[in-house]
Amino acid sequence: DSILTGDIQLDEEGQDSVLRPRSLHEFQGQSDLKENLDVFIQATKARNEALDHLFISGPPGLGKTTLAGIVASELGVNFVLTSAPALEKPKDLAGLLTSLPEHSLFFIDEIHRLKPTIEEMLYIAMEDFEMDIIVGQGIGARNVRIPLPRFTLVGATTKPGSVSTPLHTRFGITIRINPYTHQELQSIIRRSANLLHIAISTEASLLLAQCARGTPRVANRLLKRVRDFAQVHQKSEIDQAITQLALQKLQVDHLGLEEQDRYILRTIINVYHGGPVGLQTLAIAVGESAESLEDFYEPYLVQQGLLMRTRQGRTATELAYQHLGFPITKSLDS
Ligand code: ATP
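Residues numbered from 1 in each chain as written. Predicted model: local features only at pLDDT ≥ 70, side-chain atom pairs only at ≥ 80, totals over all residues. Heavy atoms only, no water.

*Asks:* Explain the site of the ligand here, please?
*Replies:* The ligand sits among 19 residues. The nearest are G61, K64, T65, T66 and R217. Contact distances for the ligand include 3.0 Å between an oxygen atom and a backbone N or O atom of G63. Within the side chain of T65, one N or O atom sits 2.6 Å away from an oxygen atom of the ligand. Its free accessible area being 630 Å², the ligand has 93% of it covered by the protein chains. Of all the elements in the fold, those that place two or more residues in the shell around the ligand are α1 (10-19), α3 (64-75) and α9 (216-232). (Near = heavy atom within 4 Å. Polar contact = N/O pair within 3.5 Å; in protein donor to acceptor, adjacent residues only side chain to side chain. Areas by Shrake-Rupley, 256 points an atom, 1.4 Å probe, with all protein chains shown as cover. Helix = DSSP H or I, 4+ residues; strand = E, 2+ residues; numbered from the N terminus.)

Below you can see the structure in the form of structure tokens.
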């Protein structure tokens, strides 16, 4: 299984919660964003109100859920968590909203996947803190508007462009979490190593940071795998040598690419002469769903300048040829 892309393993859940920061102070990096949030939190607390609705976007594993949990705990309010696909029927949403304690943070993950009927219910709930419910059945059925407690909706998404404008504009605060710098990832790795009670050298933490795809979740997973190698090789500290060995065994290269990333690029180069190749065709060729190709693999390959997404399809860049050691056999400008 891919260590970078797989769902959180059950046996790692416990450790993941140990590593999860609990306060803005513990949340590494993203200093501008934290500073603003801190102001909004302090002001809201002073007014004894519910925080304005908060929209958080950013790639997977960058800390959207973590940050929402922190905001709730800094505000000292309840944190209720669900995801859009879990809200199938209006009664699912009604059940949650009517039982929220006052000023709660109500977190909906993957908010771009809301059903239209649920989304419309949310408009009224967000704006007027009321909700329409149907009472009775058949011809006796009627709409009743009931009041809701004041709450803060936190909508998180990896695809902000897929969120409808009417929903998007109902959020008072919008934040975007961008990939972390190597330095920020290094401090996340050092903090995690500390919490896992393992020593790590500066060189090793930098090496891991460089391979972590700008993503704290990947940084933590790599750290745990390297820790396994250090333990079996009876090292009391994670040093550069054991990190290099582990990364080599895990087939993670110095850009943080895994075998599947390289396979995607190799397929474009070998089978489609460097591209362009359409998303659906490429997905079938590499055995991935178009969605995981688009959401997980491609953003990092594009960021690294290895892949171009054009209207005609996907194209491997000159850098991709160089990175994989292929001679450049055609004009890449075409
Ligand atoms: P997804 O979109 O996949 O749900 P997410 O953006 O909600 O991901 P989280 O689950 O919040 O990401 O974060 C993943 C892990 O990364 C957390 O368990 C946490 O330990 C760690 N993490 C995230 N951000 C930070 C940070 N700024 N500082 C330290 N650790 C972090």
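What follows picks up the thread again.
*Asks:* Where do I start with the confidence of the model for the chain in this structure?
*Replies:* Detailed reading of the predicted model is not advised wherever pLDDT is low. When pLDDT is averaged along the chain, the result is 92, and 94% of the positions lie at 70 or above. As scored by the predictor, the complex reaches a pTM of 0.89 and an ipTM of 0.97. (pLDDT = per-residue confidence, 0-100.)

*Asks:* Just checking my understanding: could you explain the sheet that holds strand β2 (residues 79-83) for this structure?
*Replies:* Paired through backbone hydrogen bonds, the strands of a sheet run either parallel or antiparallel to each other. Taken in spatial order, the five strands of this open sheet run β2-β3-β6-β1-β7, and their pairing is parallel. Among the strands making up the open sheet, the edge pair consists of β2 and β7 (173-176). Here the strands of the sheet are splayed against their neighbours by 15 degrees on average, with no regard to which way each runs. For strand β1 (residues 54-57) and β7, the ladder comprises four bridges, and the chain directions are parallel. In the sheet register, L54 faces β7, and the bridge partner there is I173. α3 rests against β1, β2, β3 (105-109), β6 (152-157) and β7 of the sheet, and its axis sits at about 175 degrees to β3. (Pairing = 2+ DSSP bridges. Axes fitted to C-alpha atoms, helices over the stretch in contact; angles between N-to-C directions. Contact = heavy atoms within 4.5 Å.)

*Asks:* Sorry, what's going on with the pairing of β6 here?
*Replies:* On any regular strand, side chains alternate: one points to one face of the sheet, the next to the other face. Most of β6 is tucked away: six of the six residues are buried. Residue alternation in β6 divides its side chains into two sets, T152, V154 and A156 and L153, G155 and T157, and both sets are buried. One ladder, built from four bridges, connects β1 with β6; its direction is parallel. Counted as the bridge partner of L54 is V154 from β6. The pairing of β3 with β6 spans four bridges and is classified as parallel. By the bridge assignment, F107 is partnered in β6 with V154. (Buried < 20%, exposed > 50% of the residue type's maximum accessible area, 1.4 Å probe, protein only.)

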